[in-house]
Amino acid sequence: MATDMVRMVSTKINQLTVLVLGVVTTSVFAQTTPGTITNLGGGIPAGSAPQTNQTIGAPASETNETGTLTRAWSIKPRIGLTETLTDNAALNRAQGNKEGDLITQLTPGIRIEGQSARLKAYLDYALNAQMYAKSDHSRTQNNLNSFATLEAVDNWVFIDANARIAQQSISAFGAQSPGTTTVNANSTETRTFGLTPSLRGQLGGMVDYSLRYNRSTTRSDASRVANIDVSEWAGQVKGSTPFSNLQWSGDASTQSVDYSTGRQTDASRLNARLTYAITPQFRIVGSGGWEQNNYASIDQQDRTTHGYGFDWNPTERTQLSAFKERRFFGDGHNINISHRFPQSSIQFSDTRDVSVLPNQFASQGYGSLYSVIAAQYAGLPEPARTAAIQSFFLTRPTLDPNAQVTSSFLASRATIQRRQQLALVLLGARNSITLLLNRNLSQSTLAAAATTDDFSRASEIRQEGFIINYSHQVSSLSTLNALLSRQESTGIGSNSLRTKTNQYQLNLATKLGAKTTGSVSIRHTQSDGTISFKENALIGTVTYTY
């Protein structure tokens, strides 16, 4: 035991020498990089950056209406140091053979966001360099969330791009990692990149049209998971009628998805829609169309579709929309409800549709939690709104603005997914509660496929989970956070496929300086079912933002 401790301390001294060099290097870089306050959740809040024609990286600035000099682009390097003392560093060991470790994680990162006359962009990248004192698991992890829109030709040609890199669970029934430093054979780094050029314009000043081509690719480090390539064309025309309250639109799309370990699927749709405004706040919608695909059969199958719904926006604080459509898999729907109170906000969504990518890679942008927090501060002017969002996440390090409440998993085929999400935030003078609930029901669309994903063991997979975080402001500098989360995955029709993971975490976060924050956490995680494990950890983090 004494020999192990000496070896651990010696290793740590060498690692900390490397860390100091890294901090100094980043500090020198940051002294030449201009930056301003930026949000932590991703996305670009409306109105948060004035327009300018200067380029990224330059000290872009302009004068606003009040004559005050403002900055359109924000570049914020940062560096974090985390020490994790855990009694179970590798989750895939047998329960009675778990091994503790002391893990050092150095996390340099950068956030760039802003907009000019033609370009709006957001990028958040972090590199996790992890060093283990007692084992040879040292490694690096990439985390990226980025998206941008370029107006290449005035009011006509646009280019959208997005990229995301994250650690993703391979199986819904495998061990779910309690943290980024956990060694877990059920987790793999997954990368998605997409490019979408499009045309948007008007015909005769009466009909709006758009045509876009989307190309995306998804890759992972796990050999038993399919690489996914998506190619899609989509077009739309829409306009008004002689009746001022009646509008029409027509949509057409064709999509091809290639799974490296499965088979290619092809789908096409035509859809026409009428929208009638009964009042300025309430509209009803009806649609009819046709679709063809080979999801459920090797051969193409086609059928007609029809749907109806409404949009209701009684106030600027309240939005409600619902749409139901008859599809080849039965009834699909999309329901969204949101309301903002003076000191709280709530969002609910319920959708059922075809999915060809894991949840967190299916769309670009920021996470659902960030959306709720941003909506809560929607009434604040800039830069107060951005500062409030930043402060919320800085004082609650237990909450990840981009995190999925229920972790998705990697599938090698198209699926039918019903997703239900509820997000609630209650803000008080010194106390706040954040609640996230999620329920997913995934069903394979394929009649047969030679793949080895979770659907080869269960035809339907149900995932349920919640996260609740209580935050108490101890002083003007410190915040105490308590987090409870639970996730359960069940294979329908198979009692042997079930995994339930509970996590409890207590955290004290404080401001150590003008640009430095620190936090100390204790964490307990327990998983039962197909994979069982227990883990306890003590975590300390210091982050400096330049």
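Residues numbered from 1 in each chain as written. Predicted model: local features only at pLDDT ≥ 70, side-chain atom pairs only at ≥ 80, totals over all residues. Heavy atoms only, no water.

**Quick word on the packing of aromatic side chains**
Next up, step 1: One pass over the full model with this rule turns up six aromatic pairs.
Next up, step 2: Taking the centre distance of 5.7 Å and the plane angle of 25° together, the rings of Phe282 and Phe310 count as stacked. Linking Phe282 in strand S13 (residues 282–293) with Phe310 in strand S14 (residues 301–315), this pair joins segments that are 28 residues apart in sequence.
Next up, step 3: For Phe310, a relative accessible area of 28% corresponds to the partly exposed category.
Next up, step 4: With a centroid separation of 4.7 Å and an interplanar angle of 75°, the aromatic rings of Tyr544 and Tyr546 are classed as edge-to-face. (Phe/Tyr/Trp six-rings, centres within 6.5 Å; stacked < 30°, edge-to-face > 60°. Helix = DSSP H or I, 4+ residues; strand = E, 2+ residues; numbered from the N terminus. Buried < 20%, exposed > 50% of the residue type's maximum accessible area, 1.4 Å probe, protein only.)

**Section: the pairing of S14**
Next up, step 1: Looking at chain direction, S13 and S14 are connected through twelve bridges and run antiparallel. Residue pairing in the sheet places Phe282 in a bridge with Trp312 of S14.
Next up, step 2: Pairing geometry for S14 and strand S15 (residues 318–327), over eight bridges, is antiparallel. By the bridge assignment for S15, Thr315 is matched with Thr318.
Next up, step 3: Joining the antiparallel neighbours S14 and S15 is a turn of two residues. (Pairing = 2+ DSSP bridges.)

**Some points on the environment of Leu127**
Next up, step 1: Checked against the element boundaries, Leu127 lands in strand S5 (residues 119–132).
Next up, step 2: For Leu127, a relative accessible area of 28% corresponds to the partly exposed category.
Next up, step 3: Apart from residues lying up to four places away in sequence, Leu127 is in contact with Leu106, Thr107, Pro108, Thr140, Gln141 and Asn142. (Contact = heavy atoms within 4.5 Å.)

**Looking at the nonpolar core**
Next up, step 1: Within the largest apolar cluster, 16 residues are counted, with the highest numbers of intra-cluster contacts made by Ile373, Tyr377, Ile389, Phe392 and Phe393.
Next up, step 2: Contributing elements (two or more residues each) for this core: helix H2 (368–376), helix H3 (384–394) and strand S18 (415–427).
Next up, step 3: Leave out the neighbours within four places in its chain, and Ile373 touches Ile389, Phe392, Phe393 and Val425.
Next up, step 4: In this structure, Ala226, Ile228, Tyr259 and Ala267 belong to the second largest nonpolar core, which totals ten residues. (Core = buried A, V, L, I, M, F, W, Y, C linked by side-chain atoms within 4.5 Å.)

**Some thoughts on the environment of Thr261**
Next up, step 1: Tracing the backbone through its elements, the reader meets Thr261 in the loop between strand S11 (246–259) and strand S12 (265–279).
Next up, step 2: Measuring from C-alpha to C-alpha, the distance between Thr261 and Ser412 comes to 6.7 Å, with 151 residues separating the pair along the chain.

**As for the confidence of the model for the protein chain**
Next up, step 1: Looking at the protein chain, pLDDT values average 82 and 81% of them are 70 or higher.
Next up, step 2: In the model of the protein chain, helix H1 (residues 2–30) stands out as the element of lowest mean pLDDT, 40, in contrast to S13, which has the highest, 97.
Next up, step 3: Every residue in residues 1–70 scores below 50 in pLDDT, and together they form 135 contacts with partners more than four places removed in sequence or on other chains. (pLDDT = per-residue confidence, 0-100.)

**Focus: the side chain of Ser442**
Next up, step 1: Relative to the assigned elements, Ser442 resides in strand S19 (residues 431–444).
Next up, step 2: With relative accessibility at 2%, the residue Ser442 sits in the buried group.
Next up, step 3: Apart from residues no more than four positions distant in its own chain, Ser442 is found in contact with Phe409, Ile416, Gln417, Phe455, Ser459, Glu460 and Ile461.

**Remarks on the pattern of salt bridges**
Next up, step 1: Per the counting criterion, the structure on display carries 21 salt bridges.
Next up, step 2: Put simply, Asp154 and Arg118 hold a salt bridge, and the shortest N to O gap is 3.0 Å. One end of the pair, Asp154, is in the loop between strand S6 (139–153) and strand S7 (157–169); the other, Arg118, is in the loop between strand S4 (101–115) and S5, with 36 residues separating them in the sequence.
Next up, step 3: Residue Asp154 is classed as partly exposed on the basis of its relative accessible area, which comes to 49%.
Next up, step 4: Note on Arg118: relative accessible area 36%, which makes it partly exposed.
Next up, step 5: Between Asp221 and Arg191 there is a salt bridge, and its shortest N-O distance comes to 3.1 Å. Within this pair, whereas Asp221 is found in the loop between strand S9 (207–220) and strand S10 (228–240), its partner Arg191 is found in strand S8 (residues 187–203), the two being separated by 30 residues in sequence.
Next up, step 6: By relative accessible area, Arg191 is classed as partly exposed at 21%.
Next up, step 7: Linked by salt bridges that have partners in common, Arg78, Arg111 and Asp124 make up one network. (Salt bridge = Lys/Arg side-chain N within 4 Å of Asp/Glu carboxyl O.)

**Looking at the environment of Phe409**
Next up, step 1: Relative to the helices and strands, Phe409 resides in the loop between H3 and S18.
Next up, step 2: The buried category is assigned to Phe409, whose relative accessible area is 7%.
Next up, step 3: Residues Phe409 and Phe173, 236 residues apart in the sequence, show an inter-C-alpha distance of 9.2 Å.

**Considerations on the side chain of Asn481**
Next up, step 1: Relative to the helices and strands, Asn481 is located in strand S21 (residues 478–492).
Next up, step 2: Within polar-contact distance, the side chain of Asn481 engages the side chain of Ser471 at 3.1 Å.
Next up, step 3: For Asn481, the residues in contact, after removing those within four places along its chain, are Thr395, Arg396, Pro397, Thr398, Asn469, Tyr470, Ser471, Gln505, Leu506, Asn507 and Ala509. (Polar contact = N/O pair within 3.5 Å; in protein donor to acceptor, adjacent residues only side chain to side chain.)

**Some words on the pairing of S19**
Next up, step 1: Covered by surrounding structure in S19 are Ser432, Thr434, Leu436, Asn438, Asn440, Ser442 and Ser444 only, the residues Asn431, Ile433, Leu435, Leu437, Arg439, Leu441 and Gln443 on the alternate face being uncovered.
Next up, step 2: Bridge analysis of S18 against S19 gives 13 bridges, and the strand direction is antiparallel. Within S19, the position partnered with Leu422 by the bridge is Leu437.
Next up, step 3: Between the end of S18 and the start of S19, which pair antiparallel, lie three residues.
Next up, step 4: By the bridge criterion, 13 bridges tie S19 to strand S20 (residues 460–473) in an arrangement that is antiparallel. From the neighbouring strand, Thr434 faces S20, where its bridge partner is Asn469.

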